[in-house]
Amino acid sequence: MSAGELSSLCGKSRPSISVYLAEICAIVPDLVEKQSVRRLLRNPGHGTEELLDVFWPYLSNPITRRIRLARRPSMDALCEAGALLSGESALAFVSDLALDDSCLTIAVTRTSLPKLQEACGTGWIEAAWYEPCPLEVEVWAYPIDMPSDISFLTTELSSIDLLNLYVACSKAPLDDIRYQDALAQLKEKICHLQQASGIACIRAQGRLATNN
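Rules used in this analysis
Residues numbered from 1 in each chain as written. Predicted model: local features only at pLDDT ≥ 70, side-chain atom pairs only at ≥ 80, totals over all residues. Heavy atoms only, no water. Core = buried A, V, L, I, M, F, W, Y, C linked by side-chain atoms within 4.5 Å. Buried < 20%, exposed > 50% of the residue type's maximum accessible area, 1.4 Å probe, protein only. Helix = DSSP H or I, 4+ residues; strand = E, 2+ residues; numbered from the N terminus. Contact = heavy atoms within 4.5 Å. Pairing = 2+ DSSP bridges. 1 Å grid on protein atoms, 1.4 Å probe; cavity = no way out; pocket = protein on both sides within 12 Å on 5 of 7 lines; lining within 4 Å. Points joined across faces, edges and corners; volume = space filled by probe spheres on them.

Undergrad: Honestly, the nonpolar core in this entry has me stumped. Any pointers?
TA: As a rule of thumb, soluble globular proteins bury nonpolar side chains together. The biggest cluster of nonpolar side chains holds 41 residues, and the ones touching the most others in it are L91, I106, L116, V137, L165 and L186. At the level of elements, β3 (63–69), β4 (84–85), α5 (87–91), β5 (104–109), α6 (113–120), β6 (135–140), α8 (162–170) and α9 (177–211) are the ones that each hand at least two residues to this core. Of all the elements, α9 adds the most residues to this core, at six residues. Non-local contacts of V137, meaning those with residues more than four positions away in its chain, are made with R65, R66, I67, L69, I106, V108, L113 and L116. Listed in part, the five residues of the second largest apolar core include A3, L6, I17 and L21.

Undergrad: Teacher, can you tell me more about the pairing of strand β2 (residues 38–41) here?
TA: For a regular strand, side chains alternate in direction, first toward one face of the sheet and then toward the other. Judged from the four bridges that link them, strand β1 (residues 32–35) and β2 form a sheet pairing that is antiparallel. Bridging across to β2, Q35 finds its partner in R38. The hairpin formed by β1 and β2 contains two residues between the paired strands, and S36 there has a positive phi angle of roughly 60°.

Undergrad: Hey, could you run me through the layout of surface pockets in this one?
TA: Any space left empty among the atoms is revealed by the rolling of a water-sized probe across them. In this model, the second largest pocket occupies a volume close to 360 Å³. Forming the boundary of the second largest pocket are 21 residues, of which G87, E88, T105, E136 and L174 lie nearest the centre. A total of three residues in the lining of the second largest pocket trace back to one element, the largest contributor, which is α5.

Undergrad: Sorry if this is basic, but what is going on with the sheet that holds β4 here?
TA: Strand pairing in a sheet relies on backbone hydrogen bonds, with the paired strands running either antiparallel or parallel. In spatial order, the strands read β3-β6-β5-β4; together these four strands make up an open sheet with mixed pairing. The open sheet has two edge strands with one neighbour each: β3 and β4. Here β3 pairs with β6 via six bridges, running antiparallel. Bridged to L69 within β6 is L135.

So, in structure tokens, the structure goes:
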């Protein structure tokens, strides 16, 4: 895609896209191709796992704050605030990690946090650090464009998409072997889905070329 196409797709200004492309080019130069005055973002053949490993050190933790609540509001209140399942709760739906229903982890953006607080009303009471909490709230720095419905039938909440979930969870300093194994399974799932998507795209292009 060209810088103009990326600008329209991401809803960002051309100068911002230029900065993003420059940063990407500094890390993996052949992802950005120059054609006269145009710059194109394209993948010449790098695998998803390779790109995840290369870019991981440069990806910041999207969670700006964690709030442990002593009470869990109704699912209606969580849905109304646009909350998404996150953390270990979301990991349980994409790995062998068991879902701990006694403590759910959700994600909200900074702009939707007041809406969640309003929906909770007097039930918004933070738990002390030494107390168990039925709900942990992650405050995210940016909204999630394409949530996953993998958890909806079980919890009535959609989840953070796989890639953003991987970034957030992999930045958490947890040494639990079960957690690390769940992360490895999530990474494998991301790479498998991306590979399958790429193969489907190539096949579609091949059919198009044949038909033309």
